[in-house]
Amino acid sequence: MRRSAVLIVKLAFIIVLGMRWHFRVLRDSWSGMLSCPDCACSRAFLEKRAFKAFTLYWWPLFRTEEGGHVVECMHCQGRFYPPEEVRPYLSAAASSLSS
Ligand SMILES: [Zn+2]
């Protein structure tokens, strides 16, 4: 009985608190058409900023790691590193990192 109570507390702790990657759209995020490797055709893409955060439930409390900028396919939600041809058009933060 007591052992199962400890297990329930441990599981609740794992479910409530955690670390996971988040992807946010910036105010000046790039959007446009690119060839999606997963869809194998031209799709609409949106730039997002990736960061890993310590979470309470699904809310990020504080960031632990920056993941840079990615482009996300609006059809299949596949995320990829921005191809070379769109890097000059990414948000100001991404452009300053690459130069
Ligand atoms: Zn796609």
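Residues numbered from 1 in each chain as written. Predicted model: local features only at pLDDT ≥ 70, side-chain atom pairs only at ≥ 80, totals over all residues.

## Some details on helix α1 (residues 2-16)
- Taking 1.5 Å of rise per residue, 15 residues should cover 21 Å, and α1 covers 21 Å from first to last C-alpha, within 8% of that figure.
- Little of α1 is tucked away: zero of the 15 residues are buried. (Helix = DSSP H or I, 4+ residues; strand = E, 2+ residues; numbered from the N terminus. Expected span 1.5 Å × (residues − 1). Buried ≥ 20, exposed ≤ 12 C-beta atoms within 10 Å, placed from the backbone.)

## Remarks on the environment of A53
- Note on placement: A53 falls in strand β3 (residues 41-56).
- C-alpha separation for the pair A53 and D38, spaced 15 residues apart in sequence, amounts to 27 Å.
- Aside from chain neighbours lying at most four places away, what touches A53 is H22, P60, L61, F62, R63 and T64. (Contact = placed C-beta atoms within 7 Å.)

## Some thoughts on the pairing of strand β4 (residues 59-73)
- By the bridge criterion, twelve bridges tie β3 to β4 in an arrangement that is antiparallel. Within the sheet, the bridge partner assigned to A53 lies in β4 and is R63.
- Following β3, the chain reverses through two residues before pairing antiparallel with β4; Y57 in that reversal takes a positive phi of roughly 55 degrees.
- The pairing of β4 with strand β5 (residues 79-80) spans two bridges and is antiparallel. In the sheet register, V71 faces β5, and the bridge partner there is F80. (Pairing = 2+ DSSP bridges.)

## Points about the confidence of the model for the chain
- Mean pLDDT for the chain: 87, with 91% of residues reaching 70 or above.
- Within the chain, helix α2 (residues 92-98) has the poorest average pLDDT of any element, 53, and β5 the best, 96. (pLDDT = per-residue confidence, 0-100.)

## Some thoughts on unusual backbone geometry
- A positive phi angle is found at A40, which is not glycine, with a value near 60 degrees.
- Structurally, A40 is set in the loop between β2 (31-36) and β3.
- Taking the number of C-beta atoms within 10 Å as the measure of exposure, A40 has 8 and is therefore exposed.
- The phi torsion at Y57 lies on the positive side, around 55 degrees, for a residue other than glycine.
- Tracing the sequence through the fold places Y57 in the loop between β3 and β4.

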